[in-house]
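Next come the chains, spelled out residue by residue.
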Amino acid sequence: QKEVEQDPGPLSVPEGAIVSLNCTYSNSAFQYFMWYRQYSRKGPELLMYTYSSGNKEDGRFTAQVDKSSKYISLFIRDSQPSDSATYLCAMRLPSGAQKLVFGQGTRLTINP
Amino acid sequence: DAGITQSPRHKVTETGTPVTLRCHQTENHRYMYWYRQDPGHGLRLIHYSYGVKDTDKGEVSDGYSVSRSKTEDFLLTLESATSSQTSVYFCATTPSHTSNTEAFFGQGTRLTVV
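My aim in this report is to walk through the structure given alongside it, one point at a time. (Residues numbered from 1 in each chain as written. Chains lettered and ligands numbered in written order. Predicted model: local features only at pLDDT ≥ 70, side-chain atom pairs only at ≥ 80, totals over all residues. Heavy atoms only, no water.)

Looking at the pattern of salt bridges
Residues and elements named next belong to chain B. The condition that has to hold: Should a side-chain nitrogen of Lys or Arg be within 4 Å of a carboxyl oxygen of Asp or Glu, the pair is scored as a salt bridge. Think of it in three bands: residues with accessible area under 20% of the maximum for their type are buried, residues over 50% are exposed, and the middle band is partly exposed, with areas taken using a 1.4 Å probe on protein chains only.
The full count for this structure, using the stated rule, is six salt bridges over all chains. For Asp-73, the salt bridge identified is with Lys-70, shortest N-O distance 3.4 Å. Note on Asp-73: relative accessible area 8%, which makes it buried. Residue classification places Lys-70 among the partly exposed residues on the basis of a relative accessible area of 41%.

Following this line, the structure appears as structure tokens:
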């Protein structure tokens, strides 16, 4: 069983829709939770960063962490065609080198 | 842009040959990492470095070695390439191990082993 599970999709929604992306994990020691966005043929770029449990909002993006359920989510409001990309959840332990454990990635397409 | 350059960007090699991929950074970041990305697996850590000449293994290190002789360069070597090592390889850097530190990724090297 993978340490971090993410539905690979693909997910296709119309422009303006609310998108929900999710990951579950098994290691309760993870403390830092991230969402990366990766456009085709590019490297991942950090989108959202959350420490421990709680919510974090940045513009149209909201990240939620529920450590009791070992579940994290990314919500995209008013989705735009430019949001079409692969979204990767990642997490890591609180100490040592920043070794990231990634989910499989969800390919998202926003249709105009 | 964190100033990470990977070379080559694309490579086709034959089974059994050694291959070296290079990651060069201009940010003076302490930590450097090599990940591979495959369908259905996301990114998986191969090796990482926490300083010059200081390296350690990641999740999928078998068949790979690394070296870091200068802060700015981190080399990944496939000792004897196999078809299972066909993948996209990403280098990443972080400035320190403290909290709230973003990992910056290069553009990737697409390696095909035939």
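That was the structure; now back to the text.
Observations concerning the side chain of Gln-25 of chain B
Residues and elements named next belong to chain B. The criterion, for reference: By the criteria applied, helices consist of DSSP H or I runs no shorter than four residues and strands consist of E runs no shorter than two, each listed in order from the N terminus. Any N or O atom pair separated by 3.5 Å or less is treated as a polar contact, with the protein-specific requirement of one donor-capable and one acceptor-capable atom, and with residues adjacent in sequence counted only for side-chain atom pairs. Contacts: residue pairs with any heavy atoms within 4.5 Å of one another.
Relative to the elements of secondary structure, Gln-25 occurs in strand β3 (residues 19–25). Using a relative accessible area of 2% as the deciding quantity, one classes Gln-25 as buried. A distance of 3.3 Å separates a polar atom in the side chain of Gln-25 from the backbone nitrogen of Glu-27. Within polar-contact distance, the side chain of Gln-25 engages the backbone nitrogen of Asn-28 at 3.1 Å. Apart from residues lying up to four places away in sequence, Gln-25 is in contact with Gly-3, Ile-4, Met-32, Arg-68, Thr-71, Glu-72 and Thr-93.

What about the state of the cysteines?
Residue and element names in this part refer to chain B. Just so we agree on the cut-off: Cysteine sulfur atoms that pair up within 2.5 Å are treated as a disulfide.
All told, the structure shown has two disulfides over all chains when counted by the stated rule. Each sulfur of the disulfide joining Cys-23 and Cys-91 lies 1.9 Å from the other. Negative torsions about the S-S bond denote left-handed disulfides, and the value of about -70° found for Cys-23 with Cys-91 makes this one left-handed. Here Cys-23 is found in strand β3, whereas its partner Cys-91 is found in strand β9 (residues 87–94), with 68 residues between them in sequence.

Some points on the interface of chain B and chain A
Short version of the rule: Note: buried area is the sum, over both parts, of the accessible area (probe 1.4 Å) each one loses when the two are combined. Gly is put with the polar residues, along with every residue not named as nonpolar or charged; the nonpolar set is Ala, Val, Leu, Ile, Met, Phe, Trp, Tyr, Cys and Pro, and the charged set is Asp, Glu, Lys and Arg.
Facing 26 residues of chain B, the contacting portion of chain A comprises 20 residues. Of the roughly 1900 Å² buried between chain B and chain A on both sides combined, carbon and sulfur atoms contribute 51%. Remark: the boundary between chain B and chain A carries six residue pairs in polar contact (both at pLDDT 80 or more). Listed by contribution, the elements that provide at least two residues to the side of chain B that touches chain A are β4 (31–38), β5 (42–51) and β9 of chain B. When grouped by side-chain class, the residues that make up the side of chain B that touches chain A number nine nonpolar, 14 polar and three charged.

Considerations on the packing of aromatic side chains
Put simply, the test is: Here is the rule: rings of Phe, Tyr and Trp (six-membered ring for Trp) pair when centre to centre is within 6.5 Å. Planes less than 30 degrees apart are stacked, more than 60 are edge-to-face, and the remainder are tilted.
Tallied over the full model, the rule gives 14 aromatic pairs over all chains. Ring geometry for Tyr-36 of chain A and Phe-105 of chain B: centres 5.5 Å apart, planes at 85°, overall edge-to-face. On the criterion of chain membership, the pair formed by Tyr-36 of chain A in strand β4 (residues 32–38) and Phe-105 of chain B in strand β10 (residues 104–105) is interchain, its members lying in two chains. Looking at Tyr-36 of chain A, the relative accessible area reads 0%, which means it is buried. Using a relative accessible area of 12% as the deciding quantity, one classes Phe-105 of chain B as buried. With a centroid separation of 6.3 Å and an interplanar angle of 25°, the aromatic rings of Tyr-33 of chain B and Tyr-48 of chain B are classed as stacked. Residue Tyr-33 of chain B is found in strand β4, and its partner Tyr-48 of chain B is found in strand β5; the two are separated by 15 residues along the sequence. By relative accessible area, which is 7% here, Tyr-48 of chain B ends up buried. Cluster of aromatic residues (ring-pair linked, three or more members): Tyr-36 and Phe-102 of chain A together with Tyr-31, Tyr-33, Tyr-35, Tyr-48, Tyr-50 and Phe-105 of chain B.

Here's the deal with the sheet that holds strand β3 (residues 19–25) of chain A
Hydrogen bonds between backbone groups are what pair the strands of a sheet, and the pairing can be parallel or antiparallel. Residues and elements named next belong to chain A. Let me state the cut-off plainly: When DSSP finds two or more bridges between a pair of strands, those strands are recorded as paired. To obtain each axis, a line is fitted to C-alpha atoms, and for helices this fit is confined to the stretch in contact; angles are then taken between N-to-C directions over 0 to 180 degrees.
Strand order in the open sheet made by the five strands is β1-β3-β8-β7-β6, with antiparallel pairing throughout. Each edge of the open sheet carries a strand with a single partner, namely β1 (4–6) and β6 (54–58). Going from strand to strand, the sheet's axes swing by 15° on average, the running direction of each strand aside. Across six bridges, strand β7 (residues 61–66) lies against strand β8 (residues 71–76) in antiparallel orientation. Considered in β8, the bridge of Asp-66 is made with Tyr-71.

Thoughts on the sheet that holds strand β7 (residues 64–70) of chain B
All names here are of chain B. Sheet architecture is open: four strands sit in the order β1-β3-β8-β7, paired in antiparallel fashion. Where the open sheet ends on each side, the last strands, each with one partner, are β1 (4–7) and β7. Strand-to-strand twist across the sheet, computed as the mean angle between neighbouring axes with direction ignored, equals 20°. Sheet topology places β7 next to strand β8 (residues 73–78); five bridges connect them, and they run antiparallel. Each bridged residue has a counterpart across the sheet, and for Lys-70 the counterpart in β8 is Asp-73.

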